[in-house]
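Descriptive structure summary
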Amino acid sequence: MQAHRHALLVLLLNGFILMPVHAQESSSDVYQALGERSGIETIVKDLLGRIANDERLAAQFKSIDVRRFHRNLSDQLCQLSGGPCRYGGDDMRSIHAGIGVTDTQFNALAEQLVRAMEEEGVPTWAQNRLLERLVPLHEDIVDVPAEAAPTQ
Ligand code: HEM
């Protein structure tokens, strides 16, 4: 019991000490750092070009409705970054069902998104915050898991 209390105290203290680091970040800081709605639209446009030129990704995107994808992904990134948008597309699981997205492809898209954000001068801390918020979508988007790690 004593040990539990001690552990809880350490956790609380940690939270307290770490809190000020994040305290100055308001909920829309990431949105601002992305360049607000117009910055996000430019990033998504850039991302679309990179997807089309990436042989790991291009095939599945060949017949998409580009305008719809651009609008919906922009809304989604705007909302996730704390901006004043609401994502109105289909839920991630149903839109990606049957596309057969692999782990490698998920990472490839994240990599291209980072390149697009770099291109637009988005600071690294904001890139990382956005990526953090995309991680929970992974399980709904990917349906081909990475191959099992070889046993040693
Ligand atoms: C961080 C990863 C990803 C995010 C946040 C994401 C997000 C989205 C969004 C917002 C849409 C539009 C939904 C709509 O219009 O209702 C979409 C559609 C689509 N995504 Fe993803 N996606 C991701 C990864 C991938 C990957 C890795 C692939 C394939 C290699 C992929 C393939 C597609 C395709 C083909 C569509 C169009 C489907 C259709 O219009 O029928 N996505 N995605």
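Residues numbered from 1 in each chain as written. Predicted model: local features only at pLDDT ≥ 70, side-chain atom pairs only at ≥ 80, totals over all residues. Heavy atoms only, no water.

1. Considering the overall build of the protein
For the record, the criterion: The numbering of helices and of strands both runs from the N terminus, where a helix is a DSSP run of H or I of at least 4 residues and a strand a run of E of at least 2. Note on contacts: a residue pair is in contact if any heavy atoms of the two residues lie within 4.5 Å. Each accessible area is a Shrake-Rupley estimate made with a 1.4 Å probe; only the visible protein chains count as cover when residues are assessed.
The number of helices and strands found in the protein is nine helices and zero strands. If you list the helices and strands of the protein from N to C, you get α-α-α-α-α-α-α-α-α. Taking the intrachain contacts of the protein between residues at least 6 apart in sequence as the baseline, contacts between residues at least 24 apart amount to 76%. For the protein, the accessible area works out to roughly 10100 Å², and carbon and sulfur atoms hold 57% of it.

2. Some details on the pattern of salt bridges
The condition that has to hold: We count a salt bridge whenever a side-chain nitrogen from Lys or Arg sits within 4 Å of a carboxyl oxygen from Asp or Glu.
One pass over the structure, following the stated rule, counts ten salt bridges. Three or more residues are tied together by salt bridges with common partners; here these are Asp54, Arg56, Glu111 and Arg115.

3. A look at the coordination of the iron atom of the ligand
The condition that has to hold: Distances decide who is a donor: an N, O or S atom must be within 2.8 Å of the metal, or within 3.2 Å for Na, K and Ca. Water is not included, so sites may look incomplete.
Just one protein atom coordinates the iron atom of the ligand, and that atom is His96 (NE2), at 2.1 Å. On the secondary structure map, His96 appears in helix H6 (residues 92-96).

4. As for unusual backbone geometry
The backbone of Glu36 sits at a positive phi, close to 55°, despite the residue not being glycine. Counting through the fold element by element, Glu36 comes out in helix H3 (residues 36-52).

5. Things to note about the packing of aromatic side chains
So the rule is basically this: Pairing of aromatic rings covers Phe, Tyr and the six-membered ring of Trp, with a centre-to-centre limit of 6.5 Å; geometry is then stacked below 30 degrees between planes, edge-to-face above 60, and tilted otherwise. We call a residue buried when its accessible area falls under 20% of the maximum for its residue type, exposed when it is over 50%, and partly exposed in between, using a 1.4 Å probe and counting protein chains only.
A complete count under the given rule lists one aromatic pair for this structure. Where Phe61 meets Phe69, the ring centres are 5.5 Å apart and the plane angle is 80°; that geometry is what we call edge-to-face. Its relative accessible area of 22% is what places Phe61 among the partly exposed residues.

6. Let's talk about the state of the cysteines
Linking two cysteines covalently via their sulfur atoms produces the bond known as a disulfide. For clarity, the threshold we go by: By definition, disulfides here are pairs of cysteine sulfur atoms that lie within 2.5 Å.
According to the stated counting rule, one finds one disulfide in the structure shown. Between the sulfur atoms of Cys78 and its disulfide partner Cys85 the distance amounts to 1.9 Å. Between Cys78 and Cys85, the S-S torsion sits near 65°, and that sign places the bridge as right-handed. By relative accessible area, Cys85 is classed as buried at 9%.

7. Side note on helix H7 (residues 103-119)
For clarity, the cut-off: Multiplying 1.5 Å by the residue count of a helix minus one yields the expected span of that helix.
If you check H7, its first and last C-alpha atoms are 24 Å apart, about what 17 residues at 1.5 Å a residue would give, namely 24 Å. Buried within H7 we find Asp103, Gln105, Phe106, Ala108, Gln112, Leu113, Ala116 and Met117. Contacts from the buried residues of H7 go to H3, helix H4 (58-61), helix H5 (66-80), helix H8 (124-134) and helix H9 (138-141). Positive phi appears at Gly121, one or two residues downstream of H7, with a value of about 75°.

8. Some words on the confidence of the model for the protein
The criterion, for reference: Confidence of the prediction at every residue is given by pLDDT, a number between 0 and 100.
Predicted confidence across the protein gives a mean pLDDT of 87, with 78% of residues reaching 70 or more. Overall, residues 5-21 carries pLDDT values under 50, and its contacts beyond four positions in sequence, including any with other chains, amount to zero contacts.

9. What about the side chain of Asp46?
Quick reminder of the rule: A 3.5 Å cut-off defines polar contacts: any pair of N or O atoms within that distance qualifies, except that in protein one atom must be a possible hydrogen donor and the other a possible acceptor, and neighbouring residues in sequence count only when both atoms are side-chain atoms.
Locating Asp46 in the fold gives a position in helix H3. Here Arg50 takes part through its side chain, which lies 2.4 Å from a polar atom of the side chain of Asp46. Not counting chain neighbours up to four residues away, the residues in contact with Asp46 comprise Ala116, Glu119 and Glu120.

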